[in-house]
Amino acid sequence: MMTVNEVLTLENQQEKIGALLLHGYRFVTMTVVDKGEEFDIIYHFDLDYDMVNYQLVLKKGDVLPSISDICFAAVIVENEIQDLFGITVSNLAIDYEKHFLLAPDAPAEPFCRVPGVGVTAVKTTAAAAENGGDK
Amino acid sequence: MSMLVPFGPQHPVLPEPLQLRLELDDEKVVSAIPVVGYVHRGLEKLAEQKDFIQDTYLIERVCGICSFQHSMAYSMGVEEIMNIEVPERANYLRVIWAELHRMHSHLLALGLLADAFGFENLFYTIWKVREEIMDAMEATTGARVMLGACCIGGVRKDINAEQAKFVLEKLANFEKDFKRPAEVILGDYSVKERLCGVGIIDGKKAYELGTVGPALRGSGVAKDHRMTGYAAYGKLGFEPVVENDCDCYARTKVRVRELYQSCELVKAALAALPEGELKTPFKGNPLGEAAVRVEQPRGEVLYYLRGNGTDKLDRLRIRTPTFANIAPLLNMLVGCGLPDVAVIILSIDPCISCTER
């Protein structure tokens, strides 16, 4: 199971991630999970095959500070997050202004959970539970 | 005075749509800005709407080249959350199909690279050799690319003695037939002229920019996730292939050497293939989160899964190797000549299908 090594705040995000990079950690990626009222932003780093996961809880509507100024590798995934989740990321090294992946006429925030649609709204079927692992 | 030149999305050397907006000073690249999104499919979102067993089939379609390793990484993620122990035989079979996939992917990449620098005969020859590997996969699973062999808890298909013999014959053919093209790739004057000293990225920069796979190992960084020993790699004496020249030639050399290494890994796995079950039955739904990494042909892939105890996942996130290699690619391109752009792009073996999952 994955372990969250540290919970970040908007205030200490840069400092904590900067310290990881100074210790030789390599940026792997970021993951966003839409929890309804807020997002879990998870930063994944690696050192000698051990992964460190820092989590930041972001309220919907809040601005996420970019880490691309201290870690350029993050610029691509931060732009992807802007597109798919509609999160505004400030101070991006390259800012596609929410059109990195999405065309101008594409639906906005396509990966956000729409109330009434998606995982939590779908009635659980017994298919997986009854199955021995394969269909 | 600099000018902006669009490279792609439709370009003779690009098998998939990708655009680079190149800022040029005369014919020298000053900066490059990637433009993607032409074929984005939203598979991560779709995976949230299927049940976690159906996702095994969906995930295999993220990529039409390293499909088996996608389903393997996904399965490993669910197995970690649900604490499912995979049978030993299944772990060895996973290594066999994963390495066959690496071989066909590397051969495909080398062929495309040869085509990019205008050596069409080499391209055809390498892809002809690739057919030996495709035959091995077809004989053991009934499919050439979408093997459908991996499942949560193990594998769906087996390799019997007759099939194992056929695979070994195909590997012998590969070793015999690849000898000449390998000599040309690594020794031919014109190939070296196109690859040596081109697209340089030093090890420190490559590491900082999150580079993965042969692109990282070609810059002298011995990082390969197979070193963690997942599946049966820990029992097969694996060591990463590393080259130190940091250029397109080094990245190509890593792939050529990895082809022989994969060949040896398949032979070793077949020789040590233990008897036993193919999969572990399980019940229930995943509850919890896991982040699993697997070494694909282009480098490390990350699968993040969050289950909520129902048969649908709350989140499935895939960080593919090409996605990680975009930022390093921009660094490699700075200072190169316009004619080298295509070769540098293909030296990271980009997979836009993976990137636009």
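None of these values were measured; they are calculated from a predicted model.

What counts, and where the lines are drawn
Residues numbered from 1 in each chain as written. Chains lettered and ligands numbered in written order. Predicted model: local features only at pLDDT ≥ 70, side-chain atom pairs only at ≥ 80, totals over all residues. Helix = DSSP H or I, 4+ residues; strand = E, 2+ residues; numbered from the N terminus. Buried ≥ 20, exposed ≤ 12 C-beta atoms within 10 Å, placed from the backbone. Contact = placed C-beta atoms within 7 Å. Pairing = 2+ DSSP bridges. Axes fitted to C-alpha atoms, helices over the stretch in contact; angles between N-to-C directions. pLDDT = per-residue confidence, 0-100.

Right, let's talk about the overall build of chain A for a bit. Along the backbone of chain A there are three helices and six strands. What you see in chain A, going N to C, is helices and strands ordered as β-α-β-β-β-β-α-β-α. Within chain A, the fraction of its 135 residues that count as buried is 37%. Contacts in chain A between residues at least 24 apart in sequence constitute 45% of all its contacts with a sequence separation of at least 6.

Right, let's talk about the sheet that holds strand β1 (residues 2–7) of chain B for a bit. Residue and element names in this part refer to chain B. One open sheet holds the three strands; their spatial order is β1-β2-β3, and the pairing between them is antiparallel. The sheet terminates laterally at β1 and β3 (28–35), the two strands that pair on one side only. Each strand of the sheet is rotated relative to its neighbour by a mean of 25°, with strand direction disregarded. Inspection of the sheet shows strand β2 (residues 19–25) paired to β3 by seven bridges, in the antiparallel sense.

The subject of this paragraph is the confidence of the model for chain B. Residues and elements named next belong to chain B. The predicted model of chain B has a mean per-residue pLDDT of 92, with 100% of residues at 70 or higher. Per-residue pLDDT, averaged within each element of chain B, yields its smallest value for helix α13 (residues 352–355) (82) and its largest for helix α10 (residues 248–271) (96). Reported confidence for the predicted complex is 0.91 by ipTM and 0.91 by pTM.

Moving on to the sheet that holds strand β7 (residues 299–308) of chain B. Residues and elements named next belong to chain B. The three strands lie next to each other as β6-β7-β8, forming an open sheet whose pairing is antiparallel. Two strands bound the open sheet, and with one partner strand each, they are β6 (287–296) and β8 (313–319). Strand-to-strand, the axes of this sheet are offset by a mean angle of 10°, without reference to chain direction. Where β7 lies against β8, six bridges are found, and the strand directions are antiparallel. The residue bridging G307 from the neighbouring strand is L313, located in β8. Sitting on the sheet, helix α3 (residues 67–82) is in contact with β6 and β7, with an inclination near 150° to β6. Sheet contacts for helix α11 (residues 321–333): β6, β7 and β8; angle to β7, the most-contacted strand, approximately 125°.

Further remarks concern the environment of E183 of chain B. Mapped onto the elements of the fold, E183 of chain B is located in helix α6 (residues 161–187). As a C-alpha pair, E183 of chain B and E300 of chain B span 117 residues in sequence and 28 Å in three-dimensional space.

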